[in-house]
Amino acid sequence: MKPAAERIINELVAATNDIISGRRDVADYPRYTLHSHTEFCDGRAQMEAFARRAIADGFEVYGFSPHSPVPIESSCNMTTENAERYSSEFDRIVKEHGREVTFLKSMEIDYLGANKVSFQEYSSRFNLDYTIGSVHFIPAIDGTEVDIDGRFERFRERMARYFNNDIHYVVNTFFDRSLEMVSEGGFDIIGHFDKIGHNAAHFSPGIESEGWYQRRLNELSEAIIASDLIVEINTKALAEHNRFFPSQSMWRRLADAGVRMVVNSDAHVPALIDAGRSEAFKYLSRIYE
Ligand SMILES: [Zn+2]
Ligand SMILES: [Zn+2]
């Protein structure tokens, strides 16, 4: 992380802690997001429209984090060419609007397994302020990288096509890859770390309360706690699916362990840049009640 970004993000972490401890009124929750998408990946508006919305909503900090270019077929990720465009558009936005909002330049980088992705390489190549590491792809039994994020209908279809409907394999492989990513390190924020639970629970209701699932999730949480990663509370699915990533049941434990936390909206449309964030802060303020 660049030192200037680190100072800014540490302030956001401190503001989150102040809400948890009651030192800051929850109505005065800080306006920022460190996770957002753009026209250059699967975001559905131009960066300019997100920037204007950030200004209109009184944001202090707005981090752009389009999906990184990947060496596999993916309609959600930036092409390398678009990554260059993203860079120049970011510079233009800072020039034009940088006095009103602090814009930060990041990417949500897909971890594709050991030796496949170097977070530092992305960081220096694209001159990023900080990086988000996320798992959206897992290898199928034949080695094909399959996107298991996104809508359930697509997930269900892929379960049959690539995974023989073996939900244990999919969940275990997601946690294996996430654990590997955490142990490799080299990035700053871990994106939506129990996201697999959402599609898995649609596929197999109640799976998240099963002992083996809980053990895998605990294993990952322990690894994150032992690392110096920042955990995001991702609010993207709150309105539609009434859940946060990680799920609220994890928050107290993360807070007890002193894990640095930020609240990110992961917006793909400008109207949602603050969606779910006031609710997340409300629940954070009640952790120790
Ligand atoms: Zn993501
Ligand atoms: Zn995202």
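Residues numbered from 1 in each chain as written. Chains lettered and ligands numbered in written order. Predicted model: local features only at pLDDT ≥ 70, side-chain atom pairs only at ≥ 80, totals over all residues. Heavy atoms only, no water.

1. Details of the sheet that holds strand β2 (residues 61-64)
Strands sit in the order β1-β2-β3 across an open sheet of three strands; the sheet is parallel. The sheet terminates laterally at β1 (32-33) and β3 (102-105), the two strands that pair on one side only. When β1 meets β2, the two strands line up parallel, connected through two bridges. Bridge pairing links T33 to Y62 in β2. Contacts from helix α1 (residues 3-21) reach β1, β2 and β3, with the element oriented near 110° to β3. (Pairing = 2+ DSSP bridges. Helix = DSSP H or I, 4+ residues; strand = E, 2+ residues; numbered from the N terminus. Contact = heavy atoms within 4.5 Å. Axes fitted to C-alpha atoms, helices over the stretch in contact; angles between N-to-C directions.)

2. Digging into the environment of L12
Note that L12 resides in helix α1. By relative accessible area, which is 4% here, L12 ends up buried. Between the alpha carbons of L12 and E100 there is a distance of 17 Å; along the sequence they are 88 residues apart. Those residues in contact with L12 that lie beyond four places of it in its chain are Y32, L34 and V61. (Buried < 20%, exposed > 50% of the residue type's maximum accessible area, 1.4 Å probe, protein only.)

3. Observations regarding the packing of aromatic side chains
The tally for this structure, following the rule as stated, stands at 18 aromatic pairs. A ring pair is formed by F119 and F187, whose centres lie 4.6 Å apart and whose planes are at 40°; its orientation type is tilted. Of the two residues, F119 sits in helix α4 (residues 119-125) while F187 sits in the loop between α6 (167-184) and β8 (189-190), which places them 68 residues apart along the sequence. Look at F119 and you get buried, because its relative accessible area is 1%. In textbook terms, an aromatic cluster arises when at least three aromatic residues are bridged by ring pairs, as seen for F59, Y62, F64, F90 and F103. In this arrangement the basic side chain of R277 is found over the ring face of Y32, its NZ or CZ atom lying 4.5 Å from the centre. Between the NZ or CZ atom of K282 and the centre of the ring of Y283, over which it lies, the distance is 5.2 Å. (Phe/Tyr/Trp six-rings, centres within 6.5 Å; stacked < 30°, edge-to-face > 60°. Lys NZ or Arg CZ within 6 Å of the ring centre and 35° of its normal.)

4. Regarding the coordination of the zinc ion (ligand 1)
Protein coordination at the zinc ion (ligand 1): the donors are E108 (OE), H136 (NE2) and H192 (NE2), at 2.1 to 2.2 Å from the metal. Each donor residue of the zinc ion (ligand 1) lies on one chain, and together they are spaced E-x27-H-x55-H. The metal-metal distance between the zinc ion (ligand 1) and the zinc ion (ligand 2) comes to 3.3 Å, with E108 coordinating both. Here E108, found in strand β4 (residues 108-110), pairs with H136, found in the loop between β5 (132-134) and β6 (137-139); they are 28 residues apart in sequence, far enough to count as distant. Summarising the burial analysis for this pair, E108 and H136 share the class buried. (Donors = N, O, S within 2.8 Å, 3.2 Å for Na, K, Ca; no water.)

5. What about empty space enclosed by the protein?
Overall, the coordinates contain one cavity of 30 Å³ or more when judged by the stated rule. Volume-wise, the largest cavity comes out at about 40 Å³. Along its surface, the largest cavity is lined by S134, V135, F174, S178, M181, I190, G191, H192 and F193. For the lining of the largest cavity, the leading source of residues is α6, giving three residues. Residue composition of the lining of the largest cavity, grouped by class: five nonpolar, four polar and no charged. (1 Å grid on protein atoms, 1.4 Å probe; cavity = no way out; pocket = protein on both sides within 12 Å on 5 of 7 lines; lining within 4 Å. Points joined across faces, edges and corners; volume = space filled by probe spheres on them. Nonpolar A, V, L, I, M, F, W, Y, C, P; charged D, E, K, R; others polar.)

6. Here's the deal with the coordination of the zinc ion (ligand 2)
All of the protein donors around the zinc ion (ligand 2) are H35 (NE2), H37 (NE2), E108 (OE) and D266 (OD); their distances to the metal are 2.0 to 2.4 Å. Bound by four donor atoms, the zinc ion (ligand 2) shows angles of 79 to 163° at the metal and therefore irregular coordination geometry. (Tetrahedral: all angles 85-135°; square planar, octahedral: opposite > 155°, others 65-115°.)

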